[in-house]
Structure formats: structure tokens, C-alpha cells
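Structure at a glance
Next come the chains, spelled out residue by residue.
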Amino acid sequence: RPCPKPTPAGPTPRAGSPGTASIGNRGLKAWEALGVVRKGGPTFGWPCYEGPNPLADFVNATPAHNGCGTFGTSDNPSQWTAPRMTYNHTDSTLSQPPGFIGNGITGGIFYSGAFYPLQYRNAYFFADFGQGWLKVATMDSTDHVTSITDMDPWLAGPVDFARDPISGDLFYVSIYDQV
């Protein structure tokens, strides 16, 4: 689910600047991904791409999957947009940045309050349903992930995030009552 990222001047939808949306892109077989959208038009290529790679099941389907050959054409003018972060289901060395695995990204939320320590301000909190962890991604001014920090390795079925409108605290919704 897209979550607007605060921008220095703030989002101004009426002026055509809605802010940056970060999208958790659930994979099919081997990858999870985080996509970033600053303006309309990008496509993350589903079902033709999964994470950083073409998904051969669709690209090579018989009969052909017409959508996989249409990127950059008049039918589908956008080119495939590579994700900003990917992680593999089983091999942490393939993840970008490397070092973690998962199999069910739960698109997160940016923390914009002042109560949490400085390293978490304007950082992206995201979870993985399958592995039950919460991590924090730090991004640079061009929305590239610069670091991933472990936050909580024991979440029980995280499926959504919300921000308390008064305190700014972050909450997650769990569909399980135990780990």
C-alpha cells in the first residue's frame, strides 16, 4: 500500500506534487521489492518482472503474455522501473542491500515525528509477513536505500501500518496473536 513520504516543502497535490510513494511489491516465487514513485508513469512490471529479474513464467508463456513485450510502446509507454530495494526469499547474499531474507513484504510507513531517536526520523519502517520481522530503511534525497537496520525480529503476522495522528507513533496490525 503506498505511503506518502514527507518532503521538505511538503506534498502539494493541487500543484501536481503529491509527494513520494513507497510501494511494497509482493513477489511470486523468489523476490520481494520496494518501489518508489515520485510522479505518475512508472511501472514495476508485474507480472513480467519479480524483484530485479524478468519472470520467465510470464515472459516465455505460450500463448505469449502480450503485456511483457509492450514496455516502451504506444500501448504501454513506460519502461520497466527497477525497484530501489529487493530481497530474496532464501539467499541473503542476493538481496540488495545484502544481508536479509523474507517472503511477504508488508509495505511500510515513514516516521515523521520527533519522539523516536534521530536515526528513525524520516526513515521507512517495513515488515515481512512470512519471516515476522520489522526493519528500518534509511534513504537518501533521491530515494535510494542507503541502509537497512533491524528493529524487531518477532512480529506476529504484520499486515498493515498506521500513524497516530496526535503522537506520531507508529502502529502495526497483526493477524496473529502469538509468534
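About the thresholds
Residues numbered from 1 in each chain as written. Predicted model: local features only at pLDDT ≥ 70, side-chain atom pairs only at ≥ 80, totals over all residues. Heavy atoms only, no water. Helix = DSSP H or I, 4+ residues; strand = E, 2+ residues; numbered from the N terminus. Contact = heavy atoms within 4.5 Å. Phe/Tyr/Trp six-rings, centres within 6.5 Å; stacked < 30°, edge-to-face > 60°. Buried < 20%, exposed > 50% of the residue type's maximum accessible area, 1.4 Å probe, protein only. Disulfide = S-S within 2.5 Å.

This paragraph deals with the environment of Phe71. Along the polypeptide, Phe71 turns up in the loop between helix 1 (56-59) and strand 6 (85-88). Separated by 26 residues in the primary sequence, Phe71 and Gly45 place their C-alpha atoms 8.4 Å from one another. Setting aside residues up to four positions removed in sequence, Phe71 forms contacts with Thr43, Gly45, Cys48, Tyr49, Asn76, Ser78, Gln79 and Trp80.

Turning our eyes to something else, we now look at the packing of aromatic side chains. Taken as a whole and assessed by the stated rule, the structure comprises 13 aromatic pairs. Between Tyr124 and Phe126 the ring centres are 6.0 Å apart and the planes differ by 20°, which places this aromatic pair in the stacked class. Owing to a relative accessible area of 0%, Tyr124 belongs among the buried residues under this scheme. Relative to Trp133, the ring of Phe126 lies with its centre 5.5 Å away and its plane at 85°, an arrangement referred to as edge-to-face.

A few words now on the state of the cysteines. Where two cysteines share a covalent bond between their sulfur atoms, that bond is called a disulfide. Under the defined criterion, the tally for this structure stands at 1 disulfide. Across the disulfide from Cys48 sits Cys68; the S-S distance is 2.1 Å. One disulfide, between Cys48 and Cys68, carries an S-S torsion of -95° and so falls in the left-handed class. Of this pair, Cys48 sits in the loop between strand 3 (31-37) and strand 4 (49-50) while Cys68 sits in the loop between helix 1 and strand 6, and the two are 20 residues apart along the sequence. Across this residue pair, the class does not change: Cys48 and Cys68 are buried.

We now examine unusual backbone geometry. Put simply, Gln96 and Pro97 share a cis peptide bond, and its omega is 0°. When you line up the elements, Pro97 lands in the loop between strand 6 and strand 7 (105-110). Of note in the backbone geometry, Asn122 takes a positive phi value of approximately 65° without being a glycine. Summarising the element assignment, Asn122 is placed in the loop between strand 7 and strand 8 (124-128). In this model, Asp143 sits at a positive phi of 65°, which is unusual for a non-glycine residue. By secondary structure assignment, the location of Asp143 is in the loop between strand 9 (133-139) and strand 10 (145-152). Relative accessible area serves as the criterion here: at 2%, Asp143 is assigned to the buried category.

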